[in-house]
Amino acid sequence: MTDYKVNFKELKSRVGIDDIAYALGYRLDRKAGVGRYIELVLGEGRERRDTIIVSHPNDKAAQTFFRRDGSKGDVVTLIRENLDAFFVSGKDEWQKIAKVMARFANMPEPEYREDREYVRSAGHAQVFDSARYEVKPVETDNIPAIFLQRGIGKDTVAAFAPFITLIRDKRNGKFDGYNVGFPYTDTEGKVKGYEIRGHGGYKSKAAGTDSSTAAWVADLSRSKGFAVRSIFFCESALDAMAFYQINKVRVGTDTALVSLGGTFSDRQVTGVMGRFPEARAFDCFDNDLAGRIYGLRMMALLEGIPMKISKADGGLLVEAKGKSFRLDPDRPLPAQVGKNLPIQYKVGHWPPPKAFKDWNDCLMNRPMEPVILPNKNDRETGLAERRNTGIKI
């Protein structure tokens, strides 16, 4: 990949605070009105955890936010506050932030020449060190509580047990217990790291995990790939397990389930497809804009059609083979693309039901709060309330 310097100004013109906030689960508070400012809230009622007030909702480059406690910032600030939610790796905080913004802008993730020079000068590869971690199998008679908390049943855990471990980081002096590890394997089946989940919403990846070419792959056919006819790609292992539990009868056993761990790398996808030569890929990514872009990127990759994908008012803009057309993210993507380009439908589209952000939320029956655009009366009422409360901008 060609090196390039990160241009945060360009990235900020393409990625708004609202894009990041919606991906994190914030929703529009329509009672506050819509004008020069909008209010985005995380949680509702007594469970409300945060409120941010965003300026210039229709101009991404100019967007800033503030809270009533006095804290404020821009899109970089919001990403920085929630960096652990995006499953990115990098040598420092700024590289991770740049990667997050590049993904939302649908731009190539930055690679850094100095990283490669550092690896060469170190005299040994900076890769996943399996000796750092102690692992042991999951006992299906005593399954970790995290599965029950996520609505994942004992039978599902038993089906996936060969592809799950309990994992302990020997270098973590603050926590001596075990988390749940989902091993990332390469095309030869060698472990290249772990997607890790634990108590209290803890999520991470093992140090040095290869998220560029390896992925979590659960081959339920136990055939070493030859009997697999369907591969279901999800953004996390828990989503994949939830998808299977809901759709077990329909998907059968000639199936593999895959987690990309919240990232999308071309080599992750092509590497997995290479293991299963007779299989068709299915897009089971999240019901948000990032998930839709992942689905389109996978379609473009497996159909062999270079696509430029960008966000546009009301949807996504695709440029490919000399054509330019818009897609509605709420409708099946393959059919829309097929009206504009000759495709072989190598990628199926099986996202969560529209009311849910991801498959685990669907399993737990946690629908998204609907985003309802305010009408004129709502706007006037909201603005009046703001004036009466004397909010200073």
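No experiment lies behind these values; they were computed from the predicted model shown.

Procedures and definitions
- Residues numbered from 1 in each chain as written.
- Predicted model: local features only at pLDDT ≥ 70, side-chain atom pairs only at ≥ 80, totals over all residues.
- Heavy atoms only, no water.
- Pairing = 2+ DSSP bridges.
- Helix = DSSP H or I, 4+ residues; strand = E, 2+ residues; numbered from the N terminus.
- pLDDT = per-residue confidence, 0-100.
- Contact = heavy atoms within 4.5 Å.
- Buried < 20%, exposed > 50% of the residue type's maximum accessible area, 1.4 Å probe, protein only.
- Axes fitted to C-alpha atoms, helices over the stretch in contact; angles between N-to-C directions.
- Parallel < 35°, antiparallel > 145°, perpendicular 65-115°, else oblique.
- Left-handed = near helix turned anticlockwise from the far one by under 90°.
- Salt bridge = Lys/Arg side-chain N within 4 Å of Asp/Glu carboxyl O.

A. Local environment of the sheet that holds strand S3 (residues 50–55). Ordered by their spatial adjacency, five strands build an open sheet running S1-S2-S3-S4-S5, and the pairing between neighbours is antiparallel. Of all strands in the sheet, those bounded by a partner on one side alone are strand S1 (27–28) and strand S5 (72–73). Bridge count for strand S2 (residues 37–42) against S3 is six bridges, and the pairing is antiparallel. Bridging across to S3, Glu-39 finds its partner in Ile-53.

B. Expanded view of the confidence of the model for the protein chain. Scored by pLDDT, the protein chain has a mean of 85; 87% of the residues are at 70 or more. When the criterion is pLDDT under 50, residues 111–125 qualifies, and its contacts beyond four places in sequence or with other chains add up to 17 contacts.

C. Main features of the environment of Phe-104. Tracing the backbone shows Phe-104 in helix H4 (residues 93–104). Residue Phe-104 is classed as buried on the basis of its relative accessible area of 12%. In this structure the C-alpha to C-alpha distance between Phe-104 and Ile-20, which are 84 residues apart in sequence, comes to 8.1 Å. When sequence neighbours within four positions are dropped, the list of residues in contact with Phe-104 reads Val-15, Asp-19, Ile-20, Ala-23, Phe-86 and Lys-311.

D. Local environment of the packing of helix H9 (residues 266–275) against helix H10 (residues 289–303). Where H9 contacts H10, the two axes come as close as 11 Å, and the packing angle between them is 55°. The angle between the axes of H9 and H10 places the two elements in the oblique class. Helix-helix and strand crossings are classified by hand; for H9 and H10 the assignment is right-handed. Two secondary-structure elements touch here, H9 through Asp-266, Val-269, Thr-270 and Met-273 and H10 through Arg-297, Met-298, Leu-301 and Leu-302.

E. Structural context of the pattern of salt bridges. Inspection of every chain in the model, using the stated rule, returns 17 salt bridges. Notably, a salt bridge pairs Asp-50 with Arg-67, separated by 2.9 Å at the nearest N-O pair. Placement of Asp-50 in strand S3 and of Arg-67 in the loop between strand S4 (65–66) and S5 is noted, with a sequence separation of 17 residues between them. The same class applies to Asp-50 as to Arg-67, namely buried. The closest approach of N and O atoms between Lys-154 and Asp-141, which form a salt bridge, is 3.8 Å.

F. Spatial organisation of the environment of Val-75. Mapped onto the elements, Val-75 comes out in helix H3 (residues 75–81). Between the alpha carbons of Val-75 and Phe-65 there is a distance of 8.2 Å; along the sequence they are ten residues apart.

G. Focus on the sheet that holds strand S15 (residues 308–312). Strand order in the open sheet made by the three strands is S15-S16-S17, with antiparallel pairing throughout. Every other strand in the sheet has two partners, leaving S15 and strand S17 (323–327) as the edge strands with one partner each. The mean inter-strand angle of the sheet, taken between neighbouring strand axes irrespective of direction, is 25°. Together, S15, strand S16 (315–320) and S17 form the strand contacts of H10, whose direction differs from that of S16 by roughly 20°.

H. Representation of unusual backbone geometry in the model. The phi dihedral of Lys-321 falls on the positive side, at around 50°, and the residue is not glycine. In this fold, Lys-321 is placed in the loop between S16 and S17. Look at Asn-365: it is not a glycine, yet its phi comes out positive at around 55°. Tracing the sequence through the fold places Asn-365 in the loop between helix H12 (359–363) and helix H13 (376–389). Since its relative accessible area comes to 56%, Asn-365 is described here as exposed.

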